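# Fold and geometry: a report
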Amino acid sequence: MTSQTSFGTLSEFLLQAGTEYFVIDVSRTRRFIDNQTFFDYETNKMPYASPRQGNAWLCVVFWNKQLNQDHYMWFLKLPIDEQSLLMQAARDQFLHIVTEALGQQLQNINEKRAQLPENPFVFIPNQQLLADVNAMIRHHLNISRPEGAGRALNYLKAPNIQAWSELSVQDISDLAITVHNEDVQAALLRHLEILPHPVCVCLCSSFEGIELPSALIDAILDYHQRCEQSVASMLLRSLASSRTTEVDQYIRSLVSGDEVLDTETLIVIAGRHWQALSPEAQETSDSLSQYFEKVAIAEPTYALFRGIFADMVQIPALRVFLLAMIRDQRQSEMLKSAISTLFDQRHNA
């Protein structure tokens, strides 16, 4: 139910204020949410598809052509309830803060640059997220390609000659968004495995929100099989939006194999590749329990198990399967022990 002091939805507020807007989900990867879907989330017509840590993490981009050509961003962290529905009271509280600071029609947007007072719903993005979102916005709005992408491409073509330290995070993000360009793809395929660690990390982070070309996906999967551990989890992160059969099969092979997976890899699978674990995505339903078996093995107090379970059970597409898993008596003794701590924690809360 909405609160008695409802300010309407954020979608309605932005439209009534005369702005154009779009929303980017930055909870687990980075993906655009069409305006109708976002409105359905706001009105609780559907649960939020990919929450993280009990919240929907969003970047709301808006502008008013009547005032100026500037684009403004609000990075929001809106809480969800136990059914993964947005808490409308929290949304109303945020709108109250907006109207108090900027007015019903955002009349002060030009002077105050859409800055809001400190509040629990706005978060400050890290440098990587801000750079990636900036690149996505420019690409989405067909704004001219920045010079930084050219600098990054020149480096990528000859990484042994030029100094990577001369590149900014934004330069690399602006290059990553053009990965389907033939020159960019060719340079990546040629030099991916010799890139310095900081450059590789930036590229992989930027790729999280991009559906990569098949040749690059194959190269990343091949590289992951023999790369250093410091790079392995980042390579998996880079494939977060490349939901191909090959990627999903590779993830399932990791969780079904005999090799113990490190904590970083387990966290990346939960955060970026949870779709591959869903019984709906495969012929058998073993991957989910196999994954949590490896999580249980990775940390003897089962704190990692409890944390990952609590996060993943909030994903609507997984909830019913996870609840069925913890009641399945056919699990191994290790998994049963880990699951028992979920109930112990609830009993002691």
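This one's a predicted model, so the numbers in the text were calculated from it and none came from an experiment.

Parameters at a glance
- Residues numbered from 1 in each chain as written.
- Predicted model: local features only at pLDDT ≥ 70, side-chain atom pairs only at ≥ 80, totals over all residues.
- Heavy atoms only, no water.
- Helix = DSSP H or I, 4+ residues; strand = E, 2+ residues; numbered from the N terminus.
- Buried < 20%, exposed > 50% of the residue type's maximum accessible area, 1.4 Å probe, protein only.
- Salt bridge = Lys/Arg side-chain N within 4 Å of Asp/Glu carboxyl O.
- Axes fitted to C-alpha atoms, helices over the stretch in contact; angles between N-to-C directions.
- Parallel < 35°, antiparallel > 145°, perpendicular 65-115°, else oblique.
- Left-handed = near helix turned anticlockwise from the far one by under 90°.
- Contact = heavy atoms within 4.5 Å.
- Pairing = 2+ DSSP bridges.
- Patch = residues over 30% accessible without salt bridge, like charges linked within 9 Å, V, L, I, M, F, W, Y side chains within 5 Å.
- Areas by Shrake-Rupley, 256 points an atom, 1.4 Å probe, with all protein chains shown as cover.

### A closer look at unusual backbone geometry
We note that Gln53 has phi near 55°; this positive angle belongs to a residue other than glycine. Here Gln53 is to be found in the loop between helix H2 (35-42) and strand E3 (55-63). Assessed through its relative accessible area of 56%, Gln53 is described here as exposed. Positive phi, close to 70°, is recorded for Tyr302, a residue that is not glycine. Along the chain, the position of Tyr302 falls in the loop between helix H15 (287-298) and helix H16 (303-312). Residue classification places Tyr302 among the buried residues on the basis of a relative accessible area of 14%.

### Here we look at the pattern of salt bridges
Taken as a whole and assessed by the stated rule, the structure comprises 15 salt bridges. We note a salt bridge from Arg30 to Glu208, for which the minimum N-O separation is 3.7 Å. Of this pair, Arg30 sits in the loop between strand E1 (20-25) and strand E2 (31-33) while Glu208 sits in the loop between helix H9 (197-207) and helix H10 (214-224), and the two are 178 residues apart along the sequence. With its nearest N and O atoms 3.0 Å apart, the salt bridge here joins Arg330 to Asp328.

### Quick look at the packing of helix H12 (residues 245-256) against H15
Put simply, H12 and H15 touch, their axes get as near as 8 Å, and they point 50° apart. With respect to H15, the axis of H12 lies oblique. The hand of the H12/H15 crossing is left-handed. Of the residues in H15, those in contact with Arg252, Leu254, Val255 and Ser256 of H12 are Ser287, Gln290, Tyr291 and Lys294.

### Details of the sheet that holds strand E4 (residues 72-79)
The strand order across the open sheet built from four strands is E2-E1-E3-E4, with neighbouring strands paired in antiparallel fashion. Lying at the two open borders of the sheet, with one neighbouring strand each, are E2 and E4. Between one strand and the next, the sheet's axes are offset by a mean angle of 35°, whatever the strand orientation. Across six bridges, the pairing between E1 and E3 is antiparallel. Counted as the bridge partner of Glu20 is Trp63 from E3. Taken strand by strand, helix H5 (residues 127-140) contacts E1, E2, E3 and E4, and its axis lies near 120° from that of E4.

### Structural notes on a nonpolar patch on the surface
On the surface, Val260, Ile297 and Met334 cluster together into a nonpolar patch covering about 260 Å² of accessible area. Along the chain, Met334 falls in helix H18 (residues 333-348).

### Observations regarding the environment of Ile97
Within the secondary structure layout, Ile97 lies in helix H3 (residues 88-102). Owing to a relative accessible area of 15%, Ile97 belongs among the buried residues under this scheme. Here the alpha-carbon distance between Ile97 and Asn119, two residues 22 residues apart in the chain, equals 8.0 Å. The residues touching Ile97, leaving out its near neighbours within four places in the chain, are Pro117, Asn119 and Phe121.

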